[in-house]
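What follows is each chain in one-letter form.
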Amino acid sequence: MPSTPYATILASVDGDTAVTGVRTVAGGNVIQLSGQDTAFWTSQLWELYDFPGGYATPAGWTLGPDGVLTSTAVTPPTFTVDPPRDRFGKYGVRLTVNDGLKNGVSDDEMRDEAFAVLVPSYGGLESVFEQEENQFGTSWAEALKRDIAKVDASINHARSSVLTTNATVTLLKAYSMPTNSRHYTLRCSVLAVGDTLAQSALYDVTVVYTRDSGGTYTQRVASVTTVYETTAGFNVTITQTSTDLNVNVTGAAATNLRWHVFAERFWTLPY
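A quick note: this is a predicted structure, and the numbers were derived from the prediction, not measured.

K.L.:
Before we move on, could you go through the sheet that holds strand S19 (residues 244-250) and cite the residues and values that matter?
P.N.:
What the three strands build is an open sheet, ordered S14-S19-S18; its pairing is antiparallel. The two strands at the open ends of the sheet, each matched to only one other strand, are strand S14 (169-176) and strand S18 (235-241). The mean angle between the axes of side-by-side strands here comes to 25°, regardless of whether they run parallel or antiparallel. The pairing of S14 with S19 spans seven bridges and is classified as antiparallel. Bridging across to S19, Ala 174 finds its partner in Asn 246.

Next comes the structure, spelled out in structure tokens:
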């Protein structure tokens with residue numbers, strides 16, 4: 001624990017317990033910042049120094065000519081992060097206490113940049129923010145790599161595959177349907193490739209589930225279109241287990257098949 005005075009950011013989301021560290025939220029959430037210990041603070045500067053483009057200035061905050069939102073209150077006003085339907089990304093926060101000085105000398109304990117808020121896109125993309133370091137991984141590059149992998153999954157191979165050697169129903173991939181959403185849509189292609197050129201298949205999949213306020217899931221459509229298959233016994237089916245949407249595959253006896261997910265797009269939407 002550093003000696004007072006020092007700068008450490010606490011954050012509460014929608015009135016929950018204020019804690020240190022980054023927060024990942026669904027969007028539309030109210031963020032309340034505070035200092036862990038305000039003893040011997042003589043001045044404080046809160047900066048919301050990066051945020052998704054188009055974000056409106058929250059009440060009580062001041063937008064400077066440098067594009068940074070600031071507050072000089074001991075406890076700054078709340079700000080509400082936009083839902084991903086409007087914009088997604090990260091909100092970077094900096095707290096500087098007593099002009100960054102302790103005993104008249106610049107001191108790292110008087111600044112805190114460890115806190116940030118992430119609102120992922122409906123497709124799970126994160127984006128990066130100015131001066132991002134290791135808030136969401138080892139570096140900003142790690143977040144960028146995750147985004148690139150998600151983009152590739154949506155247009156190419158989704159990095160999900162499973163091997164079948166018989167006609168047993170086998171889970172290819174499970175998609176989590178979070179309980180804070182109302183509508184779930186999956187669109188993808190499933191491709192089977194055999195260890196011989198004689199065996200292969202391709203299917204187009206569209207699935208929609210909805211969830212009511214009581215937590216009941218209703219399947220609206222589970223369409224599996226066979227583009228082609230070399231063996232009529234091959235199959236792709238859709239099931240639900242608790243809050244998981246499962247894509248299952250069935251091969252054929254004495255047949256080695258590798259099943260793949262391509263062009264994966266999975267949206268979970270709130271009201």
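K.L.:
Describe in detail the pattern of salt bridges, supporting the description with residues and values.
P.N.:
Enumeration according to the criterion identifies 10 salt bridges in this entry. Where Arg 23 meets Asp 16, a salt bridge forms, and the shortest distance between an N and an O atom there is 2.5 Å. Note that Glu 47 and Arg 94 form a salt bridge whose closest N and O atoms lie 3.1 Å from each other. On the criterion of sequence distance, the pair formed by Glu 47 in strand S4 (residues 44-50) and Arg 94 in strand S8 (residues 89-97) is long-range, its members being 47 residues apart. Across this residue pair, the class does not change: Glu 47 and Arg 94 are buried. One connected set of salt bridges, linked through shared partners, spans Lys 90, Glu 126, Glu 132, Glu 142 and Arg 146.

K.L.:
Any details on the layout of surface pockets? Residues and values, ideally.
P.N.:
Size it by volume and the largest pocket reaches roughly 800 Å³. Residue lining of the largest pocket: 32 residues in total, with Ser 121, Tyr 122, Gly 123, Gly 124 and Thr 268 positioned closest to the centre. Elements represented by at least two residues in the lining of the largest pocket include exactly helix H1 (140-155), S14 and strand S20 (257-269). When its residues are assigned to classes, the lining of the largest pocket shows 15 nonpolar, 11 polar and six charged.

K.L.:
Would you mind going over the environment of Gln 199 in detail, with residue names and values included?
P.N.:
By the element assignment, Gln 199 lies in the loop between strand S15 (183-194) and strand S16 (200-211). Along the sequence, Gln 199 and Asn 256 sit 57 residues apart, while their C-alpha atoms lie 8.6 Å from each other. Ignoring sequence-local partners within four residues, the contact set of Gln 199 consists of Val 193, Gly 194, Thr 230, Thr 231, Phe 234, Thr 255 and Leu 257. There is a polar contact of 2.9 Å between the side chain of Gln 199 and the side chain of Thr 231.

K.L.:
Give a description of a nonpolar patch on the surface that names residues and reports values.
P.N.:
Together, Val 128, Trp 140, Leu 144 and Ile 148 line one region of the surface with nonpolar side chains, adding up to about 360 Å² of accessible area. Given the relative accessible area of 53%, Ile 148 is considered exposed.

K.L.:
Quick one: what's the story with the nonpolar core, residue by residue and with numbers?
P.N.:
Nonpolar side chains in soluble globular proteins tend to end up buried together. With 28 residues, the main nonpolar core has Leu 172, Leu 186, Val 190, Val 236, Leu 245, Val 247 and Trp 259 as its most contacted residues. Secondary structure elements with two or more residues in this core: strand S13 (157-164), S14, S15, S16, S18, S19 and S20. Those residues in contact with Leu 186, other than ones at most four positions away along the chain, are Tyr 175, Val 205, Thr 206, Val 207, Leu 245, Val 247, Arg 265 and Phe 266. Within the second largest apolar cluster, 24 residues are counted, among which are Ile 9, Tyr 91, Met 110 and Phe 115.

Rules of the game
- Residues numbered from 1 in each chain as written.
- Predicted model: local features only at pLDDT ≥ 70, side-chain atom pairs only at ≥ 80, totals over all residues.
- Heavy atoms only, no water.
- Pairing = 2+ DSSP bridges.
- Helix = DSSP H or I, 4+ residues; strand = E, 2+ residues; numbered from the N terminus.
- Axes fitted to C-alpha atoms, helices over the stretch in contact; angles between N-to-C directions.
- Salt bridge = Lys/Arg side-chain N within 4 Å of Asp/Glu carboxyl O.
- Buried < 20%, exposed > 50% of the residue type's maximum accessible area, 1.4 Å probe, protein only.
- 1 Å grid on protein atoms, 1.4 Å probe; cavity = no way out; pocket = protein on both sides within 12 Å on 5 of 7 lines; lining within 4 Å.
- Points joined across faces, edges and corners; volume = space filled by probe spheres on them.
- Nonpolar A, V, L, I, M, F, W, Y, C, P; charged D, E, K, R; others polar.
- Contact = heavy atoms within 4.5 Å.
- Polar contact = N/O pair within 3.5 Å; in protein donor to acceptor, adjacent residues only side chain to side chain.
- Patch = residues over 30% accessible without salt bridge, like charges linked within 9 Å, V, L, I, M, F, W, Y side chains within 5 Å.
- Areas by Shrake-Rupley, 256 points an atom, 1.4 Å probe, with all protein chains shown as cover.
- Core = buried A, V, L, I, M, F, W, Y, C linked by side-chain atoms within 4.5 Å.

The values are spatial; any link to function lies outside them.
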